[in-house]
Every structure is written in structure tokens, then in C-alpha cells.
Amino acid sequence: MRVEWHMPVTLHIHPDVIDPKASQLRRSADGVVQLLVGAEVSVKVWLRHTGMPVSAHVGEVIGGVTSMELDDTAGIDDDTVLHADGIVAAGDAVIQPLMRTGNDVDDTIIGQPALAGAEIRQADIDDQTILGQPAAMADVIDDPDASADTVIGPGRSRPESPTGGAAPASAPVVTGTPLLPPALPAIPSISASAHVNAGVSPTGSRRTRIEPAGASGGATSILAVSFPDGRTVALDRAVYVGRSPKSPRITSGLVPELVAVPSPRREVSSTHVEIQQEGRAVVVRDLGSTNGTRVRAPGAAPSLLSPGASRVVAVGTLLDLGDDVVLEIVERSGASW
Amino acid sequence: MSVAASTVGAATIALPDGGGHLGLSWAAQTNTGLKRAGNQDSYLAAAPVFAVADGMGGHAAGDEASAAVVARLAENISGDFASTDEIAQALRQASDDIGAIAGIHDRAGSGTTVTGIALTMQGQKPYWAVFNIGDSRVYSLVDGVLTQLTVDHSAVQAMVDSGRITAIEAESHPNRNIITRAVGFGKNPVPDLWFIPVSQGSRLLICSDGLTKEVDVDLIRLLLSEATDADDAAGLLLEAALAAGGRDNVTTLVVEVVRSDDDADADTTLPRFD
């Protein structure tokens, strides 16, 4: 590979310790051009007014360099010529760009959906970026002009009702599995029959629909969660409880409530449980905790909510996370803490 | 943003109500790389917000788009802690700015990714609000474990999510350079958000795809964990991207939590026997 400058530069050659076959040019604070080369790369430079190349070595500072040749066995074809136009070695910090001829460029592409496929190869030579909208992702684009199926925005109306069906089959993946099965009446008293899959981790790419409780079911009262220390947190948003809870990915812009609880014996997981109000129902989801969550509905025997499982619960239900952390679903009284 | 630039900084932030202090140190480096004509990446490294933006669009438009979004973040966020409302407002304003830029250049296709972290208070505890639009990324290194916090808005990510390809296949997929959301292009810029506890000793890496498309996660983890400090980490990661080919602009921004008096308990959960 050969690099040429229109104006002579001062070259300072450094070792590249990361890759024995690598070479790179960069700015130096004192106005010279730094060349980092790996141990397996040999460097020859051409100086102003001379025709014969000179071998250059790590540690050298060479003035008046007009071009150089790198014998890197790494596989950059020897025919490649870098025109280092615009490299200025006089301290204005412009040492790049380098224009490489005869090689592809790995561009980010931002393109229109129909164009995306065709534009990819084109982009290997064009320095252009395209916002893509492949068919599978069409619904995910946050386009205010799009249909009501757009996945973002806390204020939108959902197609499903609290007593009605699940999300339509064509719903984008981002909306995730509906938390309420289609046949579930939104009456907390039959909550024990509701049990939906939630084999998910609390972080990562899990899709969670987080919406204001009122968005799905008209005028419903907002319930709350009370904590052992006396705090009461309203369920007007999703609540995450644990020793040091994280949120999952939030696509709606609606910030959840993250409540840290003490657990000296470390029985409570860092992000243990998610509590959300869905219409008039409250859905408790164990987020794959180590010890699960013990649920005691009013007048019923306690049962274990297995790690990763979800359940619809009624007001008055106690949630035992371990280490004496017992939460209760309550009617909201006053503002949250 | 100049073709090559770097920033280092540090801050000590008092937590409300006598909750002790947070100590942060950070460093950022950006470089045009070895193939591109200009650097369209921009970054903001100033507590409480740290962000990287990777501009897209011909000639100066992408550069101005990424610069606009970091300028709006800097302008809207002041004080020791940020709010998600401030982030949202900054992104909306930047989107308007980019629309105006596109008009000046007579180009419809101008936009930018933006990803970053902002220090917030959630329920009386300090949290990083991690925000993302596009395919720049945030990683955390906690107790030696590297975790990618953001999820790309990209065509290949959608295919991975739907199970059509694996994450490994995504790295070499021909569509890997298509992103599906950006600030600009007339779109309402709603970022994905995550809230992550601030834990002492953790390092957070915010980077453009010029790093992640050149350097695999194993080397990222190695360099981020072995570096002596944030400045060392940002430099090592940038050099690794250049050494691997430097085909795109590359920006590395590393934030280290050097002190957290309200440290999150990251220890393993123990079995319950009662």
C-alpha cells in the first residue's frame, strides 16, 4: 500500500502494539503526522527532491516526506494507493481524510424501504446513508402520520379493550405479548385463573408495553402498591421493585417507578417484580427472580409465583419478595411518595 | 466537530438530602477513521449527560445533524441531574434543526443517530437514563461483565428479534447498515429508554458504529476492563477500531463511576430457606 501527500509532511513513526499487521495515520499534538505500524509492517518513505526510497523505523521522525510505502502482509493489495490529500502537518489538526482507491467502504445506510435492498451494493461505492424501513420493520417506525398501530406514544388508544381481545395478529413485535389473555374479564376477583407466559429477563430486548392505566379502559381508578416502610406508589405507571431495580426497554417515553427495597439477607433479587395496572386489573410479573414471589390473595392460601411467571391480582393481595419485604396492592390514597 | 478531537473531565456530584456523593470521570475521542472524507460523528461529554451522535447525509448535512443534537442536549440539560423531559425536548428541537439543515442543503435525507446516558434521580436513587435512537450503542462494564444496554434500531436487529437470523449472522448480513430510526428525516424522535442503577466502579461506553462494526465484543470487554482509567479506555478502543480498518468515523466515550456513596447492591441474590 502506498500513501501520497501533495505537500511534504513530517512523519513520526510509532509502534502499534495491538495488531502486528496494522498501520494507521493520525494527528500528533505537535503538528506532525503519526504513523502507527505493527511489528510486521515495513515502511519506506520518499523524501522531497529524492528519487530513492528510504527505510523508516519505529521511533524515527522524518521531515519532508512526500509519500511512503507500507509493506504489510496483512492483505491490503499492494496496488492500493492512499491519496492523503488534505493532510496538514502544520498543527491545524487535519491529518485526514485518506481516500483509498480500489477498496470498498462499509457505510451505514439510511434508506427508503423499497430502495434498501437495491441501495446496499450501491453504497459500497457511494458515501451515502439511507434510513431503511424494511417491510418487517414498517410498523416500528415512529411516524406520527402512521396508523393507530404505531407502537409509541402513551396517549394513543389501543385497539383492544379491557374485556376484549388481544392485540391484532399483525401488531408489531414491539408491543409484545398481550398481558391479558383474550377471555379474561377484567374483574380482579377471578384473578387466580389468569396466568400468562412471561419467561423473560428484566433487561435486554424484552418488549414491554407500558401505558397509563387509564388508556385502555375508560374511567378506572388508579390503584397503588404499599411498601413495608410506609411508602405508597401509584400504579399510574409500571413499578419495578428489587434490591436495585433496572427498567426494561421503554419505548413509550413513559418513565416507570423504580423502587429499591432493602434486603440484608439478599433474598430479594436486584430486579425482582414488575407491577402494572391494566385497566382495572393489576398484573404482577416475577422477573425471573432467584426465589420467586409469594402471592397471598385475600382469603386464600399463599402460593408461589414462579420466577418469570405473571398473575393478575386483586386489591388486598400481599406480595412477599423475601427478607420481610411484603408489598400490598391497595386503593390509592393521596399522592405517591 | 473536527476530524479528530478528544475530551477528558471529572465531576463530583452531591446527591440530594445528604445522600453522599457521586464521583464521575470521563473521556471521549473521535476520529474520522481511515477511509471517510469527513467526520460526521459528534459527542457531548459534560456531566450530567454523555452522548454520541453519528450523522448521516451527504457532505456537511450529516455533520451538522449530529452536531445539532449534541448542542441541543447541552443546551437543555443543566444542573447536576437531568430529566427525561429535557432529553425529549432536546431531541425534538434537534429534529427541527435538522429539518432546517436539510432545507439549506436541499437534501431530504439528513439525520443522525443519538445514544447516551444522563444522570437522573428515580425514587431518591441516582440512575442512568440510557437513551437511544439508531445504531450507536451504550455498553456497561460492571464487575467485569460487559452488557450492551441499548438495542439497535436496525434492520438486522429486527431480523434477530424475530428469529430470522442470529446475532452472529447479523454482523455480516448485507443489510447490517440499514437503520430504522433516526433523529431527522421528519420523524418524531422518541428514544428508547432504560434506567440503570449507578454502581461504583462501573464503566459505561458510548460509541458510534465505527467501533462496534470493527471491534468484536470480546476485545471491547478486554480493553474496557483492562484500561487504567476512562481516558486510557477511550484511547485503546479508538485505536483498536482504527487498527481493525477504521472504515467509518469512530467515537468512543467512556464514563467511570469512581465513587458512589449510595452504591447499588450488585451482589448475587441468595436462596431463601424460610
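The shown structure was predicted, so the numbers you read here are calculated from the model rather than taken from an experiment.

Some thoughts on the overall build of chain B
Thinking step 1. Within chain B, the regular secondary structure consists of seven helices and 13 strands.
Thinking step 2. Across the 274 residues that make up chain B, the buried fraction comes to 61%.
Thinking step 3. When contacts within chain B are restricted to residue pairs at least 6 apart in sequence, those whose partners lie at least 24 apart make up 68%.
Thinking step 4. If you sum the accessible surface of chain B, you get close to 9,400 Å²; carbon and sulfur atoms cover 49% of it.

What about the nonpolar core?
Residue and element names in this part refer to chain B.
Thinking step 1. Counting residues in hydrophobic clusters, the biggest one holds 33 residues, and the most contacted among them are Val69, Leu73, Ile87, Val114, Phe131 and Phe195.
Thinking step 2. Breaking this core down by element, the ones donating at least two residues are strand 4 (49–56), helix 1 (60–76), helix 2 (84–105), strand 6 (114–122), strand 7 (125–133) and strand 11 (192–197).
Thinking step 3. Beyond its immediate chain neighbours, meaning those up to four positions away, Ile87 contacts Leu73, Ile77, Ala118 and Phe131.
Thinking step 4. Membership of the second largest hydrophobic core comes to 27 residues, among which are Ile117, Val138, Ile206 and Leu253.

A short note on the confidence of the model for chain B
Segments scoring low in pLDDT should not have their predicted coordinates read at a detailed level.
Thinking step 1. Per-chain confidence: chain B averages 91 in pLDDT, with 95% of residues scoring 70 or above.
Thinking step 2. Strand 12 (residues 203–207) of chain B holds the highest mean pLDDT among the elements of chain B, 98, whereas helix 4 (residues 167–172) of chain B holds the lowest, 87.

Digging into the environment of Gly235 of chain B
Thinking step 1. Inspection of the secondary structure puts Gly235 of chain B in helix 7 (residues 230–243).
Thinking step 2. Between the C-alpha atoms of Gly235 of chain B and Gln29 of chain B, which are 206 residues apart in sequence, the distance is 6.8 Å.

Some details on the packing of helix 6 (residues 217–226) of chain B against helix 7 of chain B
Residue and element names in this part refer to chain B.
Thinking step 1. Viewed as axis vectors pointing N to C, helix 6 and helix 7 meet at an angle of 150°, and their least axial separation amounts to 8 Å. One element, helix 6, and the other, helix 7, form an angle in the roughly antiparallel class. In terms of crossing hand, the pair formed by helix 6 and helix 7 is right-handed. Contacts between helix 6 and helix 7 involve Leu219, Ile220, Leu223 and Leu224 from the former and Ala233, Leu236, Leu237 and Ala240 from the latter.
Thinking step 2. Its residues placed into classes, the contact of helix 6 with helix 7 shows eight nonpolar, no polar and no charged.

Examining the environment of Ile13 of chain A
Residue and element names in this part refer to chain A.
Thinking step 1. As for its placement among the helices and strands, Ile13 is situated in strand 1 (residues 2–15).
Thinking step 2. Classification of Ile13 as buried rests on a relative accessible area of 2%.
Thinking step 3. C-alpha of Ile13 to C-alpha of Leu35: the two residues are 22 residues apart in sequence and 4.8 Å apart in space.
Thinking step 4. Contacts of Ile13, omitting those with residues within four sequence positions, involve Leu35, Val37, Ala56, His57, Val58, Gly59, Glu60 and Ile62.

Considering the sheet that holds strand 13 (residues 250–260) of chain B
Residue and element names in this part refer to chain B.
Thinking step 1. Pairing in this open sheet of six strands is antiparallel, and the strands run 1-2-13-12-8-9 from one edge to the other. The open sheet has two edge strands with one neighbour each: strand 1 (4–14) and strand 9 (145–148). Adjacent strand axes in the sheet meet at a mean angle of 15°, parallel and antiparallel pairs treated alike.
Thinking step 2. Here strand 8 (residues 137–142) runs beside strand 9; their pairing, made up of four bridges, is antiparallel.

A few points about helix 1 of chain B
Thinking step 1. The end-to-end C-alpha separation of helix 1 of chain B is 24 Å, in line with the 24 Å expected for 17 residues at 1.5 Å each.
Thinking step 2. Burial in helix 1 of chain B covers these residues: Ala61, Gly62, Ala65, Ser66, Ala68, Val69, Val70, Leu73 and Asn76 of chain B.

Description of the pattern of salt bridges
Thinking step 1. This structure, assessed with the given rule, holds 17 salt bridges over all chains.
Thinking step 2. Taking the shortest distance from any N to any O, the salt bridge between Arg72 of chain B and Glu75 of chain B comes out at 2.7 Å. Taken together, the residues Arg72 of chain B and Glu75 of chain B, both in helix 1 and three residues apart, mark about one turn of the helix.
Thinking step 3. The class for Glu75 of chain B is exposed, based on a relative accessible area of 53%.
Thinking step 4. As a salt-bridge pair, Asp209 of chain B and Lys213 of chain B come within 2.7 Å of each other at their nearest N and O atoms.
Thinking step 5. Note on Asp209 of chain B: relative accessible area 2%, which makes it buried.
Thinking step 6. Put simply, Arg249 of chain A together with Arg181 and Asp192 of chain B are held in one network by salt bridges that share partners.

Details of unusual backbone geometry
All names here are of chain B.
Thinking step 1. Of note, the amide linkage connecting Ala47 to Pro48 takes the cis form, showing an omega dihedral of 10°.
Thinking step 2. One non-glycine residue with positive phi stands out, namely Gln124, at about 70°.
Thinking step 3. Looking at where Gln124 falls in the secondary structure, it is placed in the loop between strand 6 and strand 7.

Analysis parameters
- Residues numbered from 1 in each chain as written.
- Chains lettered and ligands numbered in written order.
- Predicted model: local features only at pLDDT ≥ 70, side-chain atom pairs only at ≥ 80, totals over all residues.
- Heavy atoms only, no water.
- Helix = DSSP H or I, 4+ residues; strand = E, 2+ residues; numbered from the N terminus.
- Buried < 20%, exposed > 50% of the residue type's maximum accessible area, 1.4 Å probe, protein only.
- Contact = heavy atoms within 4.5 Å.
- Areas by Shrake-Rupley, 256 points an atom, 1.4 Å probe, with all protein chains shown as cover.
- Core = buried A, V, L, I, M, F, W, Y, C linked by side-chain atoms within 4.5 Å.
- pLDDT = per-residue confidence, 0-100.
- Axes fitted to C-alpha atoms, helices over the stretch in contact; angles between N-to-C directions.
- Parallel < 35°, antiparallel > 145°, perpendicular 65-115°, else oblique.
- Left-handed = near helix turned anticlockwise from the far one by under 90°.
- Nonpolar A, V, L, I, M, F, W, Y, C, P; charged D, E, K, R; others polar.
- Pairing = 2+ DSSP bridges.
- Expected span 1.5 Å × (residues − 1).
- Salt bridge = Lys/Arg side-chain N within 4 Å of Asp/Glu carboxyl O.

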